[in-house]
Amino acid sequence: MKRLYLQVIDDDFVSEVLTGEIIYDANPNPFFYTLKAAKIIDVLDRVELDFGPQTPSIIKARKLLPFNNITGMIFKDAGGNTKYEVHIEYSYSSDKYPISDTVNAFSSEESSTYSVNYSYK
């Protein structure tokens, strides 16, 4: 299981820096290869992002595109309290392509559940 840690700014009413964790499973994102075949990955490899003076490092745009399927995201405030949370459960075909998923999203104000069905041609 891979994990990516980042900081984001929640600018709803009062700017607040949140620490985020993105969790990936071992299965490849099926859209990655579509984007690679369309040469979008090549373009993203040449694009550098600068997120301003608070985050002075420059990163390749490609790093923001996950190779593996995202299974969860958790964002916490400076006190370690969870503000937003998303969990995704996939059903896979025998070829390890997602055929459906269920997304559960939570915040302190609300929770939602979504179902997604995938179709490949």
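Remember, predicted model here, so these are calculated numbers, not experimental data.

**Here's the deal with helix α1 (residues 30-37)**
Measuring from the side-chain oxygen of the N-cap residue of α1 to the backbone nitrogen of Phe-31 gives 2.9 Å; that N-cap residue is Asn-29. Remark: Lys-39 follows α1 within two positions and exhibits a positive phi of approximately 70 degrees.

**Description of the pairing of strand β7 (residues 98-107)**
Where strand β6 (residues 82-92) and β7 come together, 9 bridges link them in antiparallel fashion. Opposite Glu-89, over in β7, you have Thr-102 as the bridge partner. The turn joining β6 and β7, which pair antiparallel and follow one another in sequence, is formed by 5 residues; a positive phi near 70 degrees is taken by Lys-96. One ladder, built from 7 bridges, connects β7 with strand β8 (residues 111-117); its direction is antiparallel. Directly across from Thr-102, in β8, lies its bridge partner Ser-115. The hairpin formed by β7 and β8 contains 3 residues between the paired strands.

**As for unusual backbone geometry**
Of note, Lys-39 is a non-glycine position whose phi angle comes to about 70 degrees, a positive value. Structurally, the position occupied by Lys-39 is in the loop between α1 and α2 (40-46). Although it is not a glycine, Lys-96 sits at a positive phi angle of roughly 70 degrees. Looking at the secondary structure, you find Lys-96 in the loop between β6 and β7.

**Some points on the pattern of salt bridges**
Across all of its chains, the model carries 2 salt bridges by this definition. Residues Lys-39 and Asp-42 are paired through a salt bridge, measuring 4.0 Å at the closest nitrogen-oxygen approach.

**Re the packing of aromatic side chains**
All told, the structure shown has 7 aromatic pairs when counted by the stated rule. Judged by centre distance (5.6 Å) and plane angle (90 degrees), the rings of Phe-32 and Tyr-33 are edge-to-face. Judged by relative accessible area, which is 7%, Phe-32 ranks as buried. Judged by its relative accessible area of 42%, Tyr-33 falls in the partly exposed class. An aromatic cluster is present here, built from Phe-31, Tyr-97, Tyr-118 and Tyr-120 joined pairwise through their rings.

**Examining the confidence of the model for the protein chain**
On average, residues of the protein chain carry a pLDDT of 83, and 83% of them reach 70 or more. Confidence, read as mean pLDDT per element, is least for strand β4 (residues 58-60) in the protein chain (69) and greatest for β8 (96).

**Quick notes on a nonpolar patch on the surface**
A cluster of nonpolar side chains, Phe-31, Tyr-97 and Tyr-120, forms an exposed patch at the surface whose accessible area comes to about 300 Å². With respect to the helices and strands, the residue Phe-31 is situated in helix α1. On the basis of relative accessible area, Phe-31 is assigned to the partly exposed category, the value being 44%.

Cut-offs used in this document
- Residues numbered from 1 in each chain as written.
- Predicted model: local features only at pLDDT ≥ 70, side-chain atom pairs only at ≥ 80, totals over all residues.
- Heavy atoms only, no water.
- Polar contact = N/O pair within 3.5 Å; in protein donor to acceptor, adjacent residues only side chain to side chain.
- Helix = DSSP H or I, 4+ residues; strand = E, 2+ residues; numbered from the N terminus.
- Pairing = 2+ DSSP bridges.
- Salt bridge = Lys/Arg side-chain N within 4 Å of Asp/Glu carboxyl O.
- Phe/Tyr/Trp six-rings, centres within 6.5 Å; stacked < 30°, edge-to-face > 60°.
- Buried < 20%, exposed > 50% of the residue type's maximum accessible area, 1.4 Å probe, protein only.
- pLDDT = per-residue confidence, 0-100.
- Patch = residues over 30% accessible without salt bridge, like charges linked within 9 Å, V, L, I, M, F, W, Y side chains within 5 Å.
- Areas by Shrake-Rupley, 256 points an atom, 1.4 Å probe, with all protein chains shown as cover.

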